[in-house]
Amino acid sequence: MTPLFDRYAIVDWSASNTPTTGKDSIWIAFAEREGAETRLLETANPSTRSAAMAMLRQFFRDSLAENKRVFAGFDFPFGYPAGAAAAIAGTPDWRALWHFLAEAMQDRDDNFSNRFEVTGRLNREALAFAPMYWGRPMHQEVPGLPVARPEPYPTALPEKRLAEQRTAKAQPVWKLAFAGSVGSQAITGIARLEHLRRDPEFAEHVSVWPFETRFADDLGAPIVLAEIYPSLAAIEKGEKSCLDEAQVEGLADIFARFDAEGRFGELLAAPTDLSEAERGSVLTEEGWIAGLGHRLAETAAEEPDAYVAPGSRLNYLRDPAAIYAESFRQIRAETDLSNLPENAHDLAIRLIHACGMPDIVSDLVLSEDAIEAGRAALDRGAPILCDAEMVSHGIISSRLRQQNKIVCRLNDPRTRRIAERESTTRSAAQVDLWNDVMDGAIVAIGNAPTALFRLLERIDEGAARPALIVGLPVGFVGAAESKAELVRDPRGIPFVTLTGRRGGSAMAAAAVNARAQGLE
């Protein structure tokens, strides 16, 4: 196939309310293709949305003047779940939703926006039958907009789009704040792109994928705007200042190389397994994610065997809920849980699910009050202290109803100094920095035996007492011994552990998730 574009702009958007740079701010990578050669032109980190749009407009302007075609990818949802556009804007059409948000949003040059007021009003009025929006700063009172996801959650509208249902970590557009949220980015981003579409300078040159292009049927516009999801590609931070910077540069390179090889059109084509009804919802309301259903190597040529083109998908179970249900069914069929109290069954199943070994149930040891203590701590908003970043990232924060703070100070500069002074590991050293958060906390240790040993030492020294210890360090040196000490003398603190060498970050996170959500 012939390449589709000459230039590429990949945008990591931000809904920050103040000018911001660095991590969790706006990053833009600009790339170019000439024949089979691709190159990164520039990576920018504008501090405001206005500055970002000015930069993009100039890039589009220069490209039009040079007769260069542009693909511009933005990492926020371009649509809402089916039915939402009609409820919010009166018409089941993405254009009506974009028009509504552009008119309702006030997004100043200093990054201050009224997005929480807009969504609170929608919850009170247009969405009164299904107040879907949630998530706001604790200090900011907004009528109709709750801090946490309400329970029970409304069901009159879908929580997720079809695309998000196929993307394991994608968050719903209704979630406006906290870890992984995309709702605020969608609102501010859609409003900005709608103003771009209305601008007489660009109106005749811009097309929105997949709505106006009908997936890959009509990609003739000089500028094509599309929704992207950086986590579809396995891109690491490397030497970049933050993962955001690495991801925009990585995706710009991936898309440019796919295009140079004549394969980019396949990433923009309609998934072959969408039903007619699903295709209709995607093209009129929901939108789609460029590349969803494909494996993206860091470069297109680097891993050709991993690329899966439309119509070539293998026969395997894809639905996340069905995968979980079948996993838990098999675990129950293969595991004897009769020696555990009934309220610990969810915990055991989660731990087995995290490691794939049903026989660990015979090594599982927990205090009589561990399950109740963990749930009570989560319900009162206690922090969760983790010995490793892998533990903290494994905890499903969206299921923490009190938005419990997840703390890992492994990379705190003070941790390294303590470790060097005490000739110990950083995992153990950071325990000395938990004084301000340890009282009544849940401690989840899934990596370093030294961290568990140091925790027990600190308690012996009179430090504040956590509500629960999840002691699951793994390894050959100290793992079995540290857990044996916890079982021998838990210092009167409820605990969960696995005797012997086995454990790990995934299991420690799973233990917390079991308390937060059971097997949901």
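The following paragraphs examine the structure supplied in this document. All values derive from a computational prediction rather than experimental measurement.

A look at the sheet that holds strand β2 (residues 27-34)
Each strand in a sheet pairs with another by means of backbone hydrogen bonds, the pair being arranged parallel or else antiparallel. Spatially, β3-β2-β1-β4-β6-β5 is the arrangement adopted by the six strands of the open sheet, whose pairing is mixed. If you trace the sheet from one side to the other, it starts and ends with β3 (37-44) and β5 (206-208), each paired once. Direction aside, the axes of adjacent strands within the sheet are offset by 20° on average. As defined by bridge partners, strand β1 (residues 7-12) adjoins strand β4 (residues 70-74) across five bridges and the pair is classed as parallel. Counterpart to Val-11 in the pairing with β4 is Phe-74.

Observations regarding helix α6 (residues 183-198)
For α6, which comprises 16 residues, the first-to-last C-alpha distance of 23 Å matches the rise-based estimate of 22 Å (1.5 Å per residue) to within 8%. Summarising burial for α6: 14 of the 16 residues are buried, a large majority.

Quick word on helix α18 (residues 505-517)
Under the 1.5 Å per step criterion, the end-to-end length of α18 is 18 Å for 13 residues, consistent within 8% with the ideal 18 Å. Of all 13 residues in α18, twelve are buried, a share of seventy percent or more. Where α18 is concerned, the buried positions are Ser-505, Met-507, Ala-508, Ala-509, Ala-510, Ala-511, Val-512, Asn-513, Ala-514, Arg-515, Ala-516 and Gln-517.

Comments concerning the nonpolar core
Grouped together as the largest cluster of nonpolar side chains are 53 residues, with contacts concentrated most on Phe-60, Tyr-133, Trp-174 and Leu-225. Setting aside anything within four residues of it in sequence, one finds Trp-174 in contact with Tyr-80, Pro-81, Ala-84, Ile-88, Leu-127, Met-132, Tyr-133, Trp-134, Tyr-153, Leu-157, Pro-158 and Glu-159. In this structure, Phe-328, Ile-360, Cys-386 and Ala-509 belong to the second largest nonpolar core, which totals 43 residues.

Looking at the packing of helix α4 (residues 115-124) against α6
Viewed as axis vectors pointing N to C, α4 and α6 meet at an angle of 100°, and their least axial separation amounts to 11 Å. The angle between α4 and α6 falls in the class roughly perpendicular. Residue-level inspection shows Arg-115, Phe-116 and Thr-119 of α4 in contact with α6, the latter providing Ser-184, Ile-187 and Thr-188. Grouping the amino acids of the contact of α4 with α6 by side-chain chemistry returns two nonpolar, three polar and one charged.

Details of the sheet that holds strand β12 (residues 495-498)
Pairing is mixed across the open sheet formed by six strands, whose spatial order is β7-β12-β11-β10-β8-β9. Two strands lie at the open edges of the sheet, namely β7 (364-366) and β9 (406-407), each paired on one side alone. Note that strand β10 (residues 442-445) and strand β11 (residues 468-471) share four bridges and pair parallel. By the bridge assignment for β11, Ile-442 is matched with Leu-468. Sheet strands in contact with helix α17 (residues 479-488) are β7, β11 and β12, and its direction is about 140° off that of β12.

Re unusual backbone geometry
The phi torsion of most residues other than glycine is negative, and most of the peptide bonds are trans. Here the bond from Glu-151 into Pro-152 is cis, since omega is 0°, no more than 30 degrees from zero. Here Pro-152 is to be found in the loop between α4 and α5 (162-165). Residues Trp-209 and Pro-210 are joined by a peptide bond in cis, for which omega reads -5°. Topologically, Pro-210 is positioned in the loop between β5 and β6 (223-227).

Regarding the environment of Ser-362
Considering the arrangement of structural elements, one finds Ser-362 in the loop between α11 (345-355) and β7. Taking the relative accessible area as the measure of exposure, Ser-362 reaches 61% and is therefore exposed. For the pair Ser-362 and Thr-18, spaced 344 residues apart in sequence, the C-alpha separation works out to 53 Å. A polar atom in the side chain of Ser-362 sits 3.0 Å from the backbone oxygen of Asp-359.

Details of the pattern of salt bridges
Following the criterion strictly, the structure yields 40 salt bridges and no others. With a shortest N-O distance of 3.1 Å, Arg-502 and Asp-363 are connected by a salt bridge. Of this pair, Arg-502 sits in the loop between β12 and α18 while Asp-363 sits in the loop between α11 and β7, and the two are 139 residues apart along the sequence. Given a relative accessible area of 25%, Arg-502 falls into the partly exposed group. The partner of Asp-432 in a salt bridge is Arg-454, and the shortest N-O contact between them spans 2.9 Å. One end of the pair, Asp-432, is in the loop between α15 (426-431) and β10; the other, Arg-454, is in helix α16 (residues 449-460), with 22 residues separating them in the sequence. Grouping residues by exposure puts Asp-432 and Arg-454 together as buried. A network of salt bridges, in which partner residues are shared, links Glu-103, Glu-194, Arg-197, Arg-198 and Glu-212.

Examining the side chain of Ser-50
Mapped onto the secondary structure, Ser-50 falls in helix α1 (residues 49-65). There is a polar contact of 3.0 Å between the side chain of Ser-50 and the side chain of Arg-192.

Some remarks on the pairing of β2
Within β2, seven of the eight residues are buried, leaving the element largely enclosed by the surrounding structure. In the sheet, β1 pairs with β2 via six bridges, with the strands oriented antiparallel. The residue of β2 that forms the bridge with Arg-7 is Glu-32. For β2 and β3, the ladder comprises seven bridges, and the chain directions are antiparallel. Bridging across to β3, Glu-32 finds its partner in Arg-39. Between β2 and the antiparallel strand that follows it, β3, lie two residues; Gly-35 among them carries a positive phi value of about 65°.

How each quantity is defined
- In this numbering scheme, every chain counts its residues from 1 along its sequence in written order.
- Restriction of local features to residues with pLDDT of at least 70 applies here, the model being predicted, together with a cutoff of 80 or more for giving and counting side-chain atom pairs; totals for whole chains, interfaces and linings are based on all residues.
- Side-chain calculation: all heavy atoms of the structure are included, whereas hydrogens and water are not.
- Two strands qualify as a pair provided DSSP detects at least 2 bridges between them.
- Each helix is a run of H or I in the DSSP string that is no shorter than four residues. Each strand is a run of E no shorter than two, and both are numbered from the N terminus.
- Lines are fitted to the C-alpha atoms to define the axes, a helix being fitted only along its stretch in contact, and any angle between axes, read from their N-to-C directions, falls within 0 to 180 degrees.
- The span you would expect from a helix comes to 1.5 Å times its residue count less one.
- Each residue is assigned to one of three classes by its accessible area relative to the maximum for its type, calculated with a 1.4 Å probe on protein chains only: buried under 20%, partly exposed between the two thresholds, exposed over 50%.
- Definition of nonpolar core: a set of buried residues of the types Ala, Val, Leu, Ile, Met, Phe, Trp, Tyr and Cys, connected through side-chain atoms within 4.5 Å.
- By definition, residues are in contact when any of their heavy atoms lie within 4.5 Å.
- For classification purposes, angles smaller than 35 degrees are called roughly parallel, those larger than 145 roughly antiparallel, those between 65 and 115 roughly perpendicular, and all remaining angles oblique.
- Each residue is assigned to one of three groups, with Ala, Val, Leu, Ile, Met, Phe, Trp, Tyr, Cys and Pro labelled nonpolar, Asp, Glu, Lys and Arg labelled charged, and all others, Gly among them, labelled polar.
- Under the rule applied, a polar contact is a pair of N or O atoms within 3.5 Å (in protein, one hydrogen donor and one hydrogen acceptor; residues adjacent in sequence only if both atoms are side-chain atoms).
- Salt bridges are counted wherever a side-chain nitrogen of Lys or Arg sits within 4 Å of a carboxyl oxygen of Asp or Glu.

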